[in-house]
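# Chain and residue survey
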Amino acid sequence: MQGHLPPGISIVKSENFEEWQMDIKVLDANPLYQNEIYRLKFTFGSKYPIEPPEVQFIEIPRSSETPRPIPIHPHIYSNGIICLDLLSSAGWSPVQTVESVCMSIQSMLTANTRNERPPGDSDFVSYNRRRPRDINFFYDDDNV
């Protein structure tokens, strides 16, 4: 699969079908994300591809050889959880692939102009104990 990935997307870890890690980079000149590379973690359940994988950004500290921050975006919480309809049971389709999910997230970042976290980020991060797939987000802002 590595040789067939779209530009700006690379596999970091894919030894098993439980968890993969992918690096993504925004390819345009969006100043919010320029020269940054982000790490996504895909966790696959036993019913994948019928059910969506859990996908979230993970942070690798700046002191690391390959630092990876969590991007600032109105639909990305500071703990890496992504509010994206495509990743919900209602928005998921089994025809989606790891590549198409990465491309959708790349596109979401490319289109963003707001350097901000979702409303209520600090409370959500402090109090949420649910897995990403168990969170019922309300998708009322499709402008970012």
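Reference entry: report on the structure contained in this document. (Residues numbered from 1 in each chain as written. Predicted model: local features only at pLDDT ≥ 70, side-chain atom pairs only at ≥ 80, totals over all residues. Heavy atoms only, no water.)

If you tally the helices and strands in the chain, you get two helices and four strands. When the elements of the chain are put in sequence order from the N terminus, they spell out β-β-β-β-α-α. Long-range contacts, defined here as pairs at least 24 residues apart, represent 59% of the contacts in the chain between residues at least 6 apart. Here the chain displays about 8,100 Å² of accessible surface, and carbon together with sulfur accounts for 49% of that area. (Helix = DSSP H or I, 4+ residues; strand = E, 2+ residues; numbered from the N terminus. Contact = heavy atoms within 4.5 Å. Areas by Shrake-Rupley, 256 points an atom, 1.4 Å probe, with all protein chains shown as cover.)

Attention now goes to the sheet that holds strand β1 (residues 9-13). Spatially, the four strands line up as an open sheet ordered β1-β2-β3-β4, and their pairing is antiparallel. Each end of this open sheet is capped by a strand with a single partner; those strands are β1 and β4 (54-58). Across the sheet, the axes of successive neighbouring strands diverge by a mean angle of 30 degrees, strand direction being ignored. Across five bridges, strand β3 (residues 37-43) lies against β4 in antiparallel orientation. Bridging from a neighbouring strand, F42 pairs with V55 of β4. Lying on the sheet, helix α1 (residues 98-111) is in contact with β1, β2 (19-25), β3 and β4; it crosses β2 at an angle near 35 degrees. (Pairing = 2+ DSSP bridges. Axes fitted to C-alpha atoms, helices over the stretch in contact; angles between N-to-C directions.)

Attention now goes to the side chain of Q106. Considering the arrangement of structural elements, one finds Q106 in helix α1. Judged by relative accessible area, Q106 falls into the buried class, the value being 10%. Those residues within four positions of Q106 in sequence are excluded, and the remaining contacts are P7, G8, I9, I24, K25 and L27. (Buried < 20%, exposed > 50% of the residue type's maximum accessible area, 1.4 Å probe, protein only.)

For soluble globular proteins, nonpolar side chains are generally found buried alongside one another. Grouped together as the largest cluster of nonpolar side chains are 28 residues, with contacts concentrated most on F42, F57, I82 and I105. For this core, the secondary structure elements donating two or more residues are β1, β2, β3, β4 and α1. A per-element tally of this core places α1 first, with six residues. Look past the residues within four positions of I105 in its chain and what remains in contact with it is I24, L40, V55, F57, I82 and L84. Formed by five residues, the second largest nonpolar core is a distinct cluster that contains I81, C83, F124 and I135. (Core = buried A, V, L, I, M, F, W, Y, C linked by side-chain atoms within 4.5 Å.)

On to the pattern of salt bridges, then. Within this structure, the stated rule accounts for five salt bridges. A salt bridge links R62 to E36; the nearest nitrogen and oxygen atoms lie 3.6 Å apart. Of the two residues, R62 sits in the loop between β4 and α1 while E36 sits in the loop between β2 and β3, which places them 26 residues apart along the sequence. The class for E36 is partly exposed, based on a relative accessible area of 22%. Ionic contacts of the salt-bridge type, sharing partners, join the residues D23, R39 and R68 into one network. (Salt bridge = Lys/Arg side-chain N within 4 Å of Asp/Glu carboxyl O.)

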